[in-house]
Amino acid sequence: MIADVVPMLSNAAASNKIEDPILRSLYCSLAVAFSRRRSLLLVDLSSQVRLDELPWAKQILCGLQAGSSSSSDVVATIDTIRIATRSWIDHFPHTMTPNRFVSSIKAVMRGLKGTGSTAGQPDAIEMPKLLEELASDIFMGSFSSNFSLSTLQAARSLQGTLYERYYNIGPIYDDLIAQLGPHAARTDGGREGVTAMSGVLLEATTNCMPRWKVPVETGRGNYTVANGRTLEAVMVMSTHNLCQLYAWLGLGNASPSEGGVDNMAAVRKTWKHIVGLFESPPEDTYYGYRMVAYAWRQLLFFLSMEEKRLTHADDADSIAAFRATMAALCDDCLLYTS
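Residues numbered from 1 in each chain as written. Predicted model: local features only at pLDDT ≥ 70, side-chain atom pairs only at ≥ 80, totals over all residues. Heavy atoms only, no water.

With that settled, the discussion passes to the overall build of the protein. Counting secondary structure elements, the protein contains 14 helices and zero strands. Ordering the α and β elements of the protein from the N terminus gives α-α-α-α-α-α-α-α-α-α-α-α-α-α. Residues classed as buried in the protein amount to 42% of the 338 residues present. Across the protein, every contact between residues at least 6 apart in sequence was considered, and the portion connecting residues at least 24 apart equals 75%. For the protein, the exposed area adds up to about 17600 Å²; of that, 56% sits on carbon and sulfur atoms. (Helix = DSSP H or I, 4+ residues; strand = E, 2+ residues; numbered from the N terminus. Buried < 20%, exposed > 50% of the residue type's maximum accessible area, 1.4 Å probe, protein only. Contact = heavy atoms within 4.5 Å. Areas by Shrake-Rupley, 256 points an atom, 1.4 Å probe, with all protein chains shown as cover.)

Spelled out as structure tokens, the structure:
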């Protein structure tokens, strides 16, 4: 799995700072084994135990963190994550970022935390606000600051795009920018600030429902269904890591030859997957609906990123190809929805 590659490659690079070969080998084995543990979703936004919290790992990690990461370490690690991200989009553009992939990136970047800014790499370890999928049956009705800040970033980035227009969330994004912006600018908000941002995000999810013609339940209903709607709304508004990874890794405005993502290839593969779900639907109808919705959201994001990239480029051939793909997609949509 791609999620397994990131810690293996980056841990090998990080371990180069350990001079003792036996200790270096022990660190690599420990880090890789720990990354393969089962991923669990915990109540109240709790996180699983981290490698640096294990008593038998602290001594090794203290020696590893004593020497600051060099500029080359940072660049190599981010390049590794960029390659893994592109590989995921190239091969599985219809799927959300897996939780293991997200947790692997977080663990890798924590290993480099504390590195100072370097030439050409300002604030070298500025972590993106990546999100893990939450389970509706254990959702406690609040969000961490990562969810609020991630959604704020998406709101600022996707204004005026196809994604915003399709989901009809322009006013929602405007409100989020106005209300979350002041909180995001503060560094001393503490728990009260997190709670306030969570409240703003929850209100935004409620405001999304009538815009999407989703009935809002009143009274005693199935709390799992209600939680699921709330979480789905946050996934839509935040793009669930797509916007954040594109911005952090510089995948947005670059063409495939320049290290960017081939958005149109991702669109075609995603659409092929959606058509496959229609032609051979899963036995679990609800699961099939969810997979189509997730894939469709990804497809709209890729189209929006290509739309943004082409607005910065004066390339008539690319614009013509984009319009042709859009026309063909519209024809296919009419075929499968008629």
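Among the nonpolar cores identified, the biggest contains 68 residues, and Tyr173, Leu176, Met237 and Phe301 are the most heavily contacted of them. Per element, the largest residue contribution to this core is 12 residues, and it comes from helix α13 (residues 285-311). Here Tyr173 is in contact with Ala154, Ala155, Leu158, Tyr163, Glu164, Val236 and Met237, once residues within four sequence places are set aside. (Core = buried A, V, L, I, M, F, W, Y, C linked by side-chain atoms within 4.5 Å.)

Looking now at empty space enclosed by the protein. Taken as a whole, this structure holds one cavity of 30 Å³ or more when the rule is applied. Estimates place the volume of the largest cavity at around 60 Å³. What lines the largest cavity is simply Leu131, Glu132, Glu133, Leu134, Phe147, Leu231, Val234, Met235, Ser238 and His240. Looking at the lining of the largest cavity element by element, the count peaks at four residues for helix α10 (residues 223-238). Residue composition of the lining of the largest cavity, by class: six nonpolar, two polar and two charged. (1 Å grid on protein atoms, 1.4 Å probe; cavity = no way out; pocket = protein on both sides within 12 Å on 5 of 7 lines; lining within 4 Å. Points joined across faces, edges and corners; volume = space filled by probe spheres on them. Nonpolar A, V, L, I, M, F, W, Y, C, P; charged D, E, K, R; others polar.)

With their axes 9 Å apart at the nearest point, helix α6 (residues 145-157) and helix α11 (residues 242-249) run at an angle of 75 degrees to one another. Judged by the angle between their axes, α6 and α11 are roughly perpendicular. Between α6 and α11, the contacting residues are Ser150, Gln153, Ala154 and Ser157 on the first element and Cys243, Gln244 and Ala247 on the second. (Axes fitted to C-alpha atoms, helices over the stretch in contact; angles between N-to-C directions. Parallel < 35°, antiparallel > 145°, perpendicular 65-115°, else oblique.)

When pLDDT is averaged along the protein, the result is 79; 78% of the residues meet or exceed 70. Confidence over residues 114-124 falls short of pLDDT 50; this stretch has 13 contacts with residues more than four positions distant or in other chains. (pLDDT = per-residue confidence, 0-100.)

Moving on, we get to the packing of aromatic side chains. One pass over the structure, following the stated rule, counts 10 aromatic pairs. Aromatic pair Tyr246 and Phe301: ring centres 5.0 Å apart, planes at 90 degrees, arrangement edge-to-face. In this pair, Tyr246 sits in helix α11 while Phe301 sits in helix α13, placing the two residues 55 residues apart along the sequence. (Phe/Tyr/Trp six-rings, centres within 6.5 Å; stacked < 30°, edge-to-face > 60°.)

So, about the side chain of Gln298. By secondary structure assignment, the location of Gln298 is in helix α13. Judged by relative accessible area, which is 1%, Gln298 ranks as buried. Leaving out residues up to four positions away in the same chain, Gln298 has contacts with Trp88, Pro93, His94, Thr95, Met96 and Leu242.

Its location among the elements puts Ala196 in helix α9 (residues 190-211). Separated by 16 residues in the primary sequence, Ala196 and Leu180 place their C-alpha atoms 8.8 Å from one another.

On to unusual backbone geometry, then. One non-glycine residue, His240, lies in the positive phi region at around 45 degrees. With respect to the secondary-structure elements, His240 resides in the loop between α10 and α11. According to the relative accessible area criterion, His240 is buried, its value standing at 3%. Phi at Asn241 is positive, roughly 85 degrees, even though this residue is not glycine. Residue position: Asn241 is located in the loop between α10 and α11.

It is worth spelling out the packing of α11 against α13 at this point. Contact geometry of α11 with α13 gives a least axis separation of 11 Å together with a crossing angle of 35 degrees. Between α11 and α13 lies a crossing whose hand is right-handed. Only Gln298, Phe301, Phe302 and Met305 of α13 make contact with α11, whose side of the interface consists of Leu242, Cys243 and Tyr246. Across the contact of α11 with α13, the residue classes break down as six nonpolar, one polar and no charged. (Left-handed = near helix turned anticlockwise from the far one by under 90°.)

Most of α11 sits out of view: seven of its eight residues are buried. Taken residue by residue, α11 has Leu242, Cys243, Gln244, Leu245, Tyr246, Trp248 and Leu249 as its buried positions.

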